[in-house]
Amino acid sequence: MKKLLFVAFAALSVLVSCKPANKKQENKQEVVKETPTIKSIAQIMEMAEQNVGKEVFFKGMVQHVCAHSGRRAFLVDEIGKFSMRVEAKGEINGFNRELSGSIIAVKGTIAEQRLSEEEINTYESKVKAKQDAEEGGEHCSAEMTNITKMRDWMKENKKNYYSIYFVNGTSYEMVE
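What counts, and at which threshold
- Residues numbered from 1 in each chain as written.
- Predicted model: local features only at pLDDT ≥ 70, side-chain atom pairs only at ≥ 80, totals over all residues.
- Heavy atoms only, no water.
- Pairing = 2+ DSSP bridges.
- Helix = DSSP H or I, 4+ residues; strand = E, 2+ residues; numbered from the N terminus.
- Axes fitted to C-alpha atoms, helices over the stretch in contact; angles between N-to-C directions.
- Contact = heavy atoms within 4.5 Å.
- Phe/Tyr/Trp six-rings, centres within 6.5 Å; stacked < 30°, edge-to-face > 60°.
- Buried < 20%, exposed > 50% of the residue type's maximum accessible area, 1.4 Å probe, protein only.
- Lys, Arg positive; Asp, Glu negative; His and termini not counted.
- Salt bridge = Lys/Arg side-chain N within 4 Å of Asp/Glu carboxyl O.
- Core = buried A, V, L, I, M, F, W, Y, C linked by side-chain atoms within 4.5 Å.

## Quick notes on the sheet that holds strand β5 (residues 161–174)
Part 1 of the reasoning: Strand order in the closed barrel formed by five strands is β1-β2-β3-β5-β4, and the pairing between neighbours is mixed. Here the strands of the sheet are splayed against their neighbours by 55° on average, with no regard to which way each runs.
Part 2 of the reasoning: Lying over the sheet, helix α3 (residues 117–133) contacts β4 (103–116) and β5, oriented at roughly 95° with respect to β4.

Here's what the structure looks like:
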């Protein structure tokens, strides 16, 4: 009987001593978090079509903040070739105009807005009417160039719409 009690006690001791070790390992696994890789705006644009609706983490220089509401910021990459519109969502209540010129890292979700051929035609008609009224203003010629680029992209990609990718930002932090 003493031997049976001793074996039972030893077995119970082993079981009790193993459980805290398992919990420590579980806790260690929970603590380890994957740090998101900060991407460039160019990298985001390259993968935008395949990643609509997915979360991204990227950085760029704030080129412009919408003055009326502060709900939009436009970021550019290091060389100024690519830009990305960021909408204030989630934890972002708005962007301060003082952010202009600052580099920020943004976390958010890629979204897409599609402009149909009909919408582009309507836009072109309005630009031409404005151009006629202003007698060929420089502003209108830039808009006409954008319309031409949209149409060229649609032909090249065999699409009946033009995609505009942007990010619904949920948070941001200063980088520099």
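Resuming the write-up.
## Examining the packing of aromatic side chains
Part 1 of the reasoning: According to the stated counting rule, one finds two aromatic pairs in the structure shown.
Part 2 of the reasoning: Measuring from ring centre to ring centre gives 5.4 Å for Phe95 and Tyr172, while their planes differ by 35°; the resulting arrangement is tilted. Separated by 77 residues along the polypeptide, Phe95 in the loop between β3 (83–88) and β4 and Tyr172 in strand β5 bring together distant segments of the chain.
Part 3 of the reasoning: Here Phe95 falls in the buried class, since its relative accessible area comes to 4%.

## Quick notes on the side chain of Asp77
Part 1 of the reasoning: Among the structural elements, Asp77 can be located in the loop between β2 (72–76) and β3.
Part 2 of the reasoning: With no salt bridge to any partner, buried Asp77 finds its closest opposite charge in Lys81, at an N-O distance of 7.5 Å.
Part 3 of the reasoning: When sequence neighbours within four positions are dropped, the list of residues in contact with Asp77 reads Ile41 and Phe82.

## A look at the pairing of strand β1 (residues 55–65)
Part 1 of the reasoning: As judged from the seven bridges shared by β1 and β4, these two strands associate in the antiparallel manner. The residue bridging Phe57 from the neighbouring strand is Lys107, located in β4.
Part 2 of the reasoning: Sheet topology note: the β1/β2 ladder contains four bridges and is antiparallel. Considered in β2, the bridge of His64 is made with Phe74.

## Describing the nonpolar core
A general feature of soluble globular proteins is that nonpolar side chains tend to end up buried together.
Part 1 of the reasoning: Counting 20 residues, the largest nonpolar core has Phe58, Leu75, Phe95 and Ile104 as its most contacted members.
Part 2 of the reasoning: Ranked by residue count, the leading element in this core is β1, at four residues.
Part 3 of the reasoning: Excluding residues within four positions of it along the chain, Ile104 makes contact with Phe58, Lys59, Gly60, Val62, Leu75, Phe95, Leu99, Tyr172, Glu173, Met174 and Val175.
Part 4 of the reasoning: Counting seven residues, the second-largest nonpolar core is a separate cluster that includes Leu115, Val127, Met150 and Met154.

## Points about the pattern of salt bridges
Part 1 of the reasoning: Per the stated rule, a full pass over the model turns up seven salt bridges.
Part 2 of the reasoning: Residue Arg72 is joined to Glu87 by a salt bridge in which the shortest nitrogen-to-oxygen separation is 2.5 Å. Taken as a pair, Arg72 in strand β2 and Glu87 in strand β3 lie far apart in primary sequence, 15 residues in all.
Part 3 of the reasoning: Between Glu143 and Lys130 there is a salt bridge, and its shortest N-O distance comes to 3.6 Å.

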